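Topology and contacts: notes
As a plain string of letters, each chain reads:
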Amino acid sequence: MNTKQLHREWISIFEKEFSKKYFQKINSEVNNCSSNKLLCPKKENIFKAFEKTNFTDLKIVILGQDPYHGNDQANGLAFAVNENQKTPPSLRNIFKEIKNDLNHHTQTKKNLEFWAKQGVLLLNSSLTVKLGTANSHSNLGWDLFTNNILKEISLLKNKVVFILWGNYAQKKEILIDFKKHLILKAPHPSPLSAYRGFFGCKHFSKANEFLKSNHLKEIIW
C-alpha cells in the first residue's frame, strides 16, 4: 500500500503496525481485491484521511465504520463521497444538522476535503471494503490498526475533539483519555437513527466552542 503521500508524523506511527502479523493479512486481502477491481476505496486512497490531515494540525476526529461500498463512491474519507456521486443519506443529514446548528449551509463539497485540510480527521474503523458488500472487511484486522491510531492520537495530542456517532463509534470511547480531550456522542446520522438525537446534537458548534476556549482555530464547517 502506498504511503508516499503521508505526513512523516503518521509514518512513524504506522510503521509500528506495518510490521505486525495482522497487517500482513490486511495487505494480502487488499492486494487481492484491488487486482480484481473489487476494492473500495481505490488502493491509492486507502490512507487519504492521513494524507489530507497532518498530525500536527489535527483538531477533530470524526469516526465512521467502513467506506461506502458502491462503485466509485468511497474516496478514503469517512462519510465522504467522490464529487460525481449522489450525496448519501447520512451525509445529507450531516449537512442538514450543520444548517440547523450554525444557521448557514455547509462550506464543504461532498468529498469533505475542505474539512480534512483544516484538521478534521475523517477516519473509518475499517479503511477498506469489498465492492457491493457492506462491512466485508470488518474482521480483516483494520479495527486493530485504527484502534491503535486512536490510542496514539489520545496519548500524543492534547485538546482534540472526538466525535462519535452511533453505537459502533461510541465503543471506541474507552481508547480516549477524556481528561485531555472532548468526546461528543450522538446517534448515527443515518435515516434510521438521525431523529433519535443526531438532529439537535449541535456537535459542530460545540466542537468549535471547545477549540475557541483552548485558543485553537475554529473549523469552517
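Details of the structure are given in the entry above.
The following paragraphs examine the structure supplied in this document. (Residues numbered from 1 in each chain as written. Predicted model: local features only at pLDDT ≥ 70, side-chain atom pairs only at ≥ 80, totals over all residues. Heavy atoms only, no water.)

1. Here's the deal with the packing of helix α1 (residues 8–18) against helix α6 (residues 142–156)
- Interhelical geometry of α1 versus α6 gives an angle of 140° and a closest axis separation of 11 Å. With respect to each other, α1 and α6 are oriented oblique. The two elements α1 and α6 cross, and the hand of that crossing is right-handed. Along its contact with α1, which presents Trp 10, Ile 13, Phe 14, Lys 16, Glu 17 and Phe 18, the element α6 presents Phe 145, Asn 148, Ile 149, Glu 152, Ile 153 and Leu 156.
- Within the contact of α1 with α6, the residues separate by chemical class into eight nonpolar, one polar and three charged. (Axes fitted to C-alpha atoms, helices over the stretch in contact; angles between N-to-C directions. Helix = DSSP H or I, 4+ residues; strand = E, 2+ residues; numbered from the N terminus. Parallel < 35°, antiparallel > 145°, perpendicular 65-115°, else oblique. Left-handed = near helix turned anticlockwise from the far one by under 90°. Contact = heavy atoms within 4.5 Å. Nonpolar A, V, L, I, M, F, W, Y, C, P; charged D, E, K, R; others polar.)

2. Re the sheet that holds strand β2 (residues 60–64)
- The four strands lie next to each other as β3-β2-β5-β6, forming an open sheet whose pairing is parallel. Two strands close off the open sheet at either side, each with one partner strand: β3 (120–124) and β6 (182–186). Within this sheet the neighbouring strands show an average axis-to-axis angle of 20°, counted without direction.
- For strand β5 (residues 161–165) and β6, the ladder comprises five bridges, and the chain directions are parallel. Within β6, the residue paired with Trp 165 across the bridge is Ala 186.
- Packing against the sheet, α6 makes contact with β2, β3 and β5, and its axis sits at approximately 155° to β3.
- Most of the contacts of helix α8 (residues 203–213) go to β6, to which it runs at about 175°, and overall it touches β2, β5 and β6. (Pairing = 2+ DSSP bridges.)

3. Quick look at the side chain of Asp 66
- By the element assignment, Asp 66 lies in the loop between β2 and α4 (89–102).
- It is Lys 172 that comes nearest to the buried, bridge-free Asp 66 among opposite-charge side chains, at 12 Å.
- Within the structure, Asp 66 has its side chain in polar contact with the backbone nitrogen of Asn 135 (distance 2.6 Å). (Buried < 20%, exposed > 50% of the residue type's maximum accessible area, 1.4 Å probe, protein only. Lys, Arg positive; Asp, Glu negative; His and termini not counted. Salt bridge = Lys/Arg side-chain N within 4 Å of Asp/Glu carboxyl O. Polar contact = N/O pair within 3.5 Å; in protein donor to acceptor, adjacent residues only side chain to side chain.)

4. Quick look at α6
- Compared with an ideal rise of 1.5 Å per residue, which puts 15 residues at 21 Å, α6 spans 21 Å between its outermost C-alpha atoms and is within 8% of the ideal.
- Residues of α6 that are buried include every one of Trp 142, Phe 145, Thr 146, Asn 147, Asn 148, Ile 149, Leu 150, Glu 152, Ile 153 and Ser 154, and no others.
- Looking at the buried side of α6, the elements it contacts are α1, α2 (21–35), α3 (48–52), β2, β3 and β5. (Expected span 1.5 Å × (residues − 1).)

Keep in mind these numbers describe shape, not what the thing actually does.
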